[in-house]
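Each chain, letter by letter, is given below.
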Amino acid sequence: MSRVLLTGVRGKTGAPLAELLVARTGVEVLGGSSDPATVDAAGVRPTPFSWDDPAGWPAATDGVDAVYVVRPDRADAPELIGALLDATAPDTHVVLLSERDADQVGPDGWAVRAEDVVRGSGRSWTVLRPSWFMQVFTDPRFYLGRLRDGGDLPFVSGGASVAWIDARDIAAVAERALLDRGLAGQVLELSGPGSLTLPRTAELLAAATRRPVVHREVSVDEAVAGTEGFERELSVLTFERVRAGVFAPVTGTVERVTGRPARSLETFLADHEAVLRPA
Ligand SMILES: NC(=O)c1ccc[n+]([C@@H]2O[C@H](COP(=O)([O-])OP(=O)(O)OC[C@H]3O[C@@H](n4cnc5c(N)ncnc54)[C@H](OP(=O)(O)O)[C@@H]3O)[C@@H](O)[C@H]2O)c1
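Residue indices begin from 1 for each chain and proceed along its sequence in written order. Predicted model: local features are reported for residues with pLDDT of at least 70 only, side-chain atom pairs are reported and counted for 80 or more only, and whole-chain, interface and lining totals are derived from all residues. Processing note: side-chain calculations cover all non-hydrogen atoms of the structure and skip hydrogens and water entirely.

1. Examining the overall build of the protein chain
So, step 1. Secondary structure elements are defined from DSSP: runs of H or I of at least 4 residues count as helices, runs of E of at least 2 residues count as strands, and each element is numbered from the N terminus. Counting its regular elements, the protein chain contains twelve helices and nine strands.
So, step 2. To get the radius of gyration, use the C-alpha atoms; to get the globule rule, take the number of residues to the power 0.38 and multiply by 2.2 Å. Relative to the 2.2 N^0.38 estimate, which gives 19 Å for 279 residues, the radius of gyration of the protein chain is 19 Å and therefore close to what a compact globule would have.
So, step 3. With respect to the principal axes defined by its C-alpha atoms, the protein chain has extents near 50 × 40 × 35 Å.
So, step 4. In this description, accessible areas are obtained by the Shrake-Rupley approach with a 1.4 Å probe, and a residue is regarded as covered only by the protein chains that are shown. As displayed, the protein chain offers around 11800 Å² of accessible surface, 50% of which is attributable to carbon and sulfur atoms.
So, step 5. Charged residues are defined here as Lys and Arg on the positive side and Asp and Glu on the negative side; His and the ends of the chain fall outside this count. Taken as the charge centre is NZ of Lys, CZ of Arg, CG of Asp or CD of Glu, depending on the residue. Averaging the coordinates of the 29 positive side-chain charges in the protein chain and doing the same for the 39 negative ones gives two points 4 Å apart.

2. Details of helix 9 (residues 229–243)
So, step 1. A helix's residues, less one, multiplied by 1.5 Å, set its expected span. In this model helix 9 runs 22 Å from its N-terminal to its C-terminal C-alpha over 15 residues, within 8% of the 21 Å that 1.5 Å per residue would give.
So, step 2. We call a residue buried when its accessible area falls under 20% of the maximum for its residue type, exposed when it is over 50%, and partly exposed in between, using a 1.4 Å probe and counting protein chains only. Every buried residue of helix 9 is accounted for by F230, L234, T238, F239, R241 and V242. When helix 9 is viewed along its axis, its buried side chains cluster within an angular range of 160 degrees and face the same direction.
So, step 3. At its buried positions, helix 9 is contacted by helix 4 (110–119), strand 7 (152–155) and helix 8 (220–223).
So, step 4. Among the residues trailing helix 9, G245 stands out with phi positive, at a value near 85 degrees. It is the directions from the helix axis to the C-beta atoms that the arc portrays. Contacts are assigned to residue pairs with any non-hydrogen atoms lying within 4.5 Å of each other.

3. Here we look at the sheet that holds strand 1 (residues 2–6)
So, step 1. Paired strands are those between which DSSP finds at least two bridges. Spatially, 3-2-1-4-5-6-8 is the arrangement adopted by the seven strands of the open sheet, whose pairing is parallel. The outermost strands of the open sheet, each flanked by one partner alone, are strand 3 (44–48) and strand 8 (186–190). Put simply, the sheet's adjacent strands are angled 20 degrees from each other on average, direction ignored.
So, step 2. Across five bridges, strand 5 (residues 93–97) lies against strand 6 (residues 124–130) in parallel orientation. Bridging from a neighbouring strand, V94 pairs with W125 of strand 6.
So, step 3. Structural elements are reduced to axes, namely lines fitted to C-alpha atoms, with helices fitted over the stretch in contact, and the angle between N-to-C directions of any two is expressed from 0 to 180 degrees. Sitting on the sheet, helix 4 touches strand 5, strand 6 and strand 8, and the angle it makes with strand 6 is about 155 degrees.

4. Here we look at the packing of helix 3 (residues 77–86) against helix 4
So, step 1. Viewed as axis vectors pointing N to C, helix 3 and helix 4 meet at an angle of 10 degrees, and their least axial separation amounts to 8 Å. Judged on the interaxial angle alone, helix 4 and helix 3 are roughly parallel. Contacts from A77, P78, E79, I81, G82 and L85 in helix 3 reach W110, R113, A114, V117 and V118 in helix 4.
So, step 2. In this classification, the charged set is Asp, Glu, Lys and Arg, the nonpolar set is Ala, Val, Leu, Ile, Met, Phe, Trp, Tyr, Cys and Pro, and all remaining amino acids, among them Gly, are polar. For the contact of helix 3 with helix 4, the per-class residue count stands at eight nonpolar, one polar and two charged. Angle categories: roughly parallel below 35 degrees, roughly antiparallel above 145, roughly perpendicular from 65 to 115, and oblique for all the rest.

5. What about the site of the ligand?
So, step 1. As a structural note, the neighbourhood of the ligand is formed by 20 residues, with R10, S33, S34, R71 and D73 the closest of them.
So, step 2. Any pair of N or O atoms that falls within 3.5 Å is considered a polar contact. Within protein, one atom must be able to donate a hydrogen and the other to accept it, and sequence-neighbouring residues count only if both atoms are side-chain atoms. Within the side chain of S34, one N or O atom sits 2.6 Å away from an oxygen atom of the ligand.
So, step 3. In this structure, an oxygen atom belonging to the ligand sits 2.6 Å away from a side-chain N or O atom of D73.
So, step 4. In the complex, the protein chains occlude 78% of the 880 Å² of accessible area that the ligand would expose alone.
So, step 5. Placement of the ligand is best described as lying within the largest pocket.
So, step 6. Across the shell around the ligand, the residue classes break down as seven nonpolar, seven polar and six charged. By convention in this text, a residue qualifies as near a molecule or strand provided that one of its non-hydrogen atoms is within 4 Å of it. Here a cavity is any set of points on a 1 Å grid over the protein atoms alone where a 1.4 Å probe fits but cannot get out, and a pocket is any open set with protein on both sides within 12 Å along at least 5 of 7 lines; a residue lines the site when it has an atom within 4 Å of a point. Cavities and pockets are treated as containing a molecule whenever more than half of the molecule's atoms lie within 2 Å of their grid points.

6. Points about the environment of G120
So, step 1. Looking at the secondary structure, you find G120 in the loop between helix 4 and strand 6.
So, step 2. G120 sits 38 residues away from G82 along the chain, and the two C-alpha atoms are 9.1 Å apart.

7. Brief notes about the pairing of strand 2 (residues 27–33)
So, step 1. Counting buried residues along strand 2, six of its seven residues qualify, which places the element largely inside the surrounding structure.
So, step 2. Bridging between strand 1 and strand 2 involves five bridges; their strand directions are parallel. If you follow R3 over to strand 2, its bridge partner there is E28.
So, step 3. When strand 2 meets strand 3, the two strands line up parallel, connected through five bridges. Residue G31 lies in a different strand from strand 3, and its bridge partner there is P46.

8. A word on the environment of D76
So, step 1. Take D76: it is sitting in the loop between strand 4 (66–70) and helix 3.
So, step 2. Looking at D76, the relative accessible area reads 29%, which means it is partly exposed.
So, step 3. For the pair D76 and W110, spaced 34 residues apart in sequence, the C-alpha separation works out to 8.8 Å.

9. Things to note about the packing of aromatic side chains
So, step 1. A pair of Phe, Tyr and Trp rings is counted when the ring centres sit within 6.5 Å of each other, with Trp represented by its six-membered ring. The angle between the planes then sorts it: under 30 degrees is stacked, over 60 is edge-to-face, the rest tilted. Inspection of the entire model under this criterion finds twelve aromatic pairs.
So, step 2. Both rings, one in F49 and one in W57, keep their centres 6.1 Å apart while their planes meet at 20 degrees; by these two values the pair is stacked. Like F49, the residue W57 is buried in the burial classification.
So, step 3. Between the aromatic rings of W132 and F155, the centroid separation amounts to 5.0 Å while the plane-to-plane angle is 65 degrees, which identifies the pairing as edge-to-face. Remark: F155 occurs in strand 7 and W132 occurs in the loop between strand 6 and helix 5 (144–148); sequence separation between them is 23 residues.
So, step 4. For F155, a relative accessible area of 1% puts it in the buried group.
So, step 5. Among the aromatic side chains, those forming a connected cluster through ring pairs are W132, F137, Y143, F155, W164, F239 and F247.

What follows is the structure, encoded as structure tokens:
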């Protein structure tokens, strides 16, 4: 029996990852959440886990063979991740959800510092570096309402493309990385199967929603309006990276690791038709 702790089990990658792991025999899935009463995925053991409550980490990590760490997007993430790993047994395998080309991310190399903590932890590790998630289009906190209303798609692109990735494919890679130590010591740059301009992305969204969605190029200031502090700083750098084309390259890593091609944006949109185009 292998015991796996997923931080962020209710999140975009955590939820599909839990489904994959529960379907395996011999895997006990601990679903970490800061609100464990809301964890209702079948076969998952709700597990109190909050980045704000280190006192709960020894219980959450007790007897765990592998841990999936969804990096918290806050300034102290490197220190928090280091402290969490200190609470794990030395033979625990760690899979970190980082992001594409993380060497360039964040103030003072914040993202690479978070990765370095994992690489230097003495634990075996795998780092996942995904591109932008397709799930931003079905998340009510991002674009969903606007798309359903047939609004515009405001996005900073500078003409660059984005190789959107389906979080289900990140989960599929994470499943392998958690259970198969053959991926230990690897940094996996993950993307979807195609690199799309924002106008082309908007065309596909318009077809899926049957609404007149068009891309509207916005300034970085407009894109980050309403955020402040570290979140703002990180968002500004992220959009600058989009403009620099960091999210454009297609990698074949999903297929190499899972044995099947990454899902296209068309497939993702078809699978989420009920959300995008409610009756
Ligand atoms: N979205 C993208 O396009 C994208 C692209 C590349 C990389 N990433 C990276 O992927 C990571 C996840 O981002 P996401 O937007 O997809 O978020 P997400 O995983 O969908 O949601 C965030 C998760 O954090 C958990 N959480 C919130 N407060 C918490 C706390 N105090 N302690 C512990 N857990 C807490 C939430 O679960 P509970 O409320 O149940 O605790 C939730 O599961 C981030 O590091 C992000 O930078 C995202």
